[in-house]
Amino acid sequence: QVQLVESGGGLVQPGGSLRLSCVVSGTISRLNTLGWFRQAPGKQRELVAAMTSGGITNYADSVKGRFTISRDNAKNTVYLQMDSLKPEDSAIYYCNYRIIGPRNYWGQGTQVTVSS
């Protein structure tokens, strides 16, 4: 079994920054992709950023140049540094762990609100 626990969400003003963290525990495959998705009210869940265990990254166009995903494999942790935040970035952010299958595991989500 795999568990994901996110932290770091909160309220921030437009133009501000937040850093999300997600710790993955349990039986972890060496080959995996860790990522962040978000879901705003009335919208579908969408990919924000993802990073493979080999270091390949993928970003949504809407966050390129503002968000940075990174991971510490020794700590089984993935981070999302979010800079220059906009009100439209407000959503619940979910950590995702994906392995061959594909099999997906999700965290409980953390709220990010960008508002003045």
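This one's a predicted model, so the numbers in the text were calculated from it and none came from an experiment.

Peer 1: Just to check I follow, could you spell out the environment of A49 for this structure?
Peer 2: Relative to the elements of secondary structure, A49 occurs in strand β5 (residues 46-52). Between the alpha carbons of A49 and G10 there is a distance of 19 Å; along the sequence they are 39 residues apart. The contacts of A49, once residues within four sequence positions are left out, are G35, W36, N58, Y59, I69 and L80.

Peer 1: Is there a simple way to think about the pattern of salt bridges in this case?
Peer 2: In a structure, side chains of opposite charge can pair up when their charged atoms sit close to one another. Applying the stated criterion across every chain yields a total of 4 salt bridges. For the salt bridge of D89 with R38, the shortest nitrogen-to-oxygen distance reads 3.0 Å. Separated by 51 residues along the polypeptide, D89 in the loop between β8 (77-82) and β9 (91-99) and R38 in strand β4 (residues 33-39) bring together distant segments of the chain. A residue is classified by how much of its surface remains accessible, and D89, at 1% relative accessible area, is buried. Residue classification places R38 among the buried residues on the basis of a relative accessible area of 5%. In this structure, D61 engages K64 in a salt bridge whose closest nitrogen and oxygen atoms are separated by 3.1 Å. Per residue, the accessibility class of D61 equals that of K64, and both read exposed. Linked through salt bridges whose partners overlap, the residues forming this network are R38, E46, R66 and D89.

The rules we used
Residues numbered from 1 in each chain as written. Predicted model: local features only at pLDDT ≥ 70, side-chain atom pairs only at ≥ 80, totals over all residues. Heavy atoms only, no water. Helix = DSSP H or I, 4+ residues; strand = E, 2+ residues; numbered from the N terminus. Contact = heavy atoms within 4.5 Å. Salt bridge = Lys/Arg side-chain N within 4 Å of Asp/Glu carboxyl O. Buried < 20%, exposed > 50% of the residue type's maximum accessible area, 1.4 Å probe, protein only.

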